[in-house]
Amino acid sequence: MSAPVHLDSVDLHILELLRADGRRTVRDIARLVKLSPAPVRRRIARLEESGIITGYTITTDQAKLGQGLQAVTELRFTGDTDIHDIVEFASTLPEVDEVLTLTGDVDALVRLHVDSVDDLQKVVNRLRRKGVGVLQTKTLIVIDSWRRGAPVP
């Protein structure tokens, strides 16, 4: 693991602005952090080169894409299951958005989007039957969500 990179309040403000809108212009960021564009551009490049900024992405409205049901499935595995096998298998399912491997009672959380409860059942069954060493699942349907950097609904 690499050593933490020292960030000052301006770096943190730049990160906050980019989290809220990854397409925000350097000129706009410079205005908001009260610097000229050139040093802001250098700071962003340093944040990218140091690996703090790992990429830029979009968010989508899954309901408008026909995947209006979001769920989280807890997975418990046999003690000899390799964490990489868990991620490798779950990531092959197109409905899976994210896999978090954990310590504690639950070995992994799988966040997924599906069209319907029927589709959710099919995905959970695939996780149970085809997952290496899956002992138990517990699925929770998401009724609402919020993510840092997004406006509060």
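Everything discussed here concerns the structure shown above.
Just so it is clear, the structure is predicted and the values come from calculations on it, not from any experiment.

**Some remarks on the pairing of strand β3 (residues 108-114)**
For β3, the tally of buried residues reaches six of seven residues, placing the bulk of the element in the interior. Where strand β1 (residues 69-77) and β3 come together, seven bridges link them in antiparallel fashion. Among the inter-strand pairings, Ala71 is bridged to a residue of β3, identified as Leu112. Where strand β2 (residues 96-101) lies against β3, five bridges are found, and the strand directions are antiparallel. Directly across from Val96, in β3, lies its bridge partner Leu112. If you look at the hairpin formed by β2 and β3, you'll find six residues sitting between the two strands, and Gly104 has a positive phi there, around 105°.

**Section: the environment of Val123**
Mapped onto the elements of the fold, Val123 is located in helix α5 (residues 117-130). What makes Val123 buried here is its relative accessible area of 0%. Here the alpha-carbon distance between Val123 and Glu95, two residues 28 residues apart in the chain, equals 7.6 Å. With sequence-adjacent residues up to four places away left out, Val123 is seen in contact with Leu93, Glu95, Leu112 and Val114.

**A word on the sheet that holds β2**
Read across the sheet, four strands follow the order β2-β3-β1-β4 without closing on themselves; strand pairing throughout is antiparallel. The strands lining the two open edges of the sheet, one partner per strand, are β2 and β4 (134-141). Taking each pair of neighbouring strands and ignoring which way they run, the sheet shows an average axis angle of 20°. Packing against the sheet, helix α4 (residues 83-90) makes contact with β1, β2 and β3, and its axis sits at approximately 170° to β2. Its contacts with the sheet put α5 on β1, β3 and β4, and the angle it makes with β4 is roughly 160°.

**Description of helix α3 (residues 37-49)**
The first and last C-alpha atoms of α3 sit 18 Å apart over 13 residues, in line with the 18 Å expected at 1.5 Å per residue. Every buried residue of α3 is listed here: Val40, Arg43, Ile44 and Leu47. The arc enclosing the buried residues of α3, seen along the axis, measures out at 100°, which places them on a common side. α3 presents Arg42 and Glu49 as exposed residues on the side facing more than 90 degrees away from its buried surface. For α3, the secondary structure elements touched by its buried residues are α1 (9-20) and α2 (26-33). Looking one or two residues beyond α3, the residue adopting positive phi is Gly51, at roughly 85°.

Conventions used here
- Residues numbered from 1 in each chain as written.
- Predicted model: local features only at pLDDT ≥ 70, side-chain atom pairs only at ≥ 80, totals over all residues.
- Heavy atoms only, no water.
- Buried < 20%, exposed > 50% of the residue type's maximum accessible area, 1.4 Å probe, protein only.
- Helix = DSSP H or I, 4+ residues; strand = E, 2+ residues; numbered from the N terminus.
- Pairing = 2+ DSSP bridges.
- Contact = heavy atoms within 4.5 Å.
- Axes fitted to C-alpha atoms, helices over the stretch in contact; angles between N-to-C directions.
- Expected span 1.5 Å × (residues − 1).
- Arc of directions from axis to C-beta.

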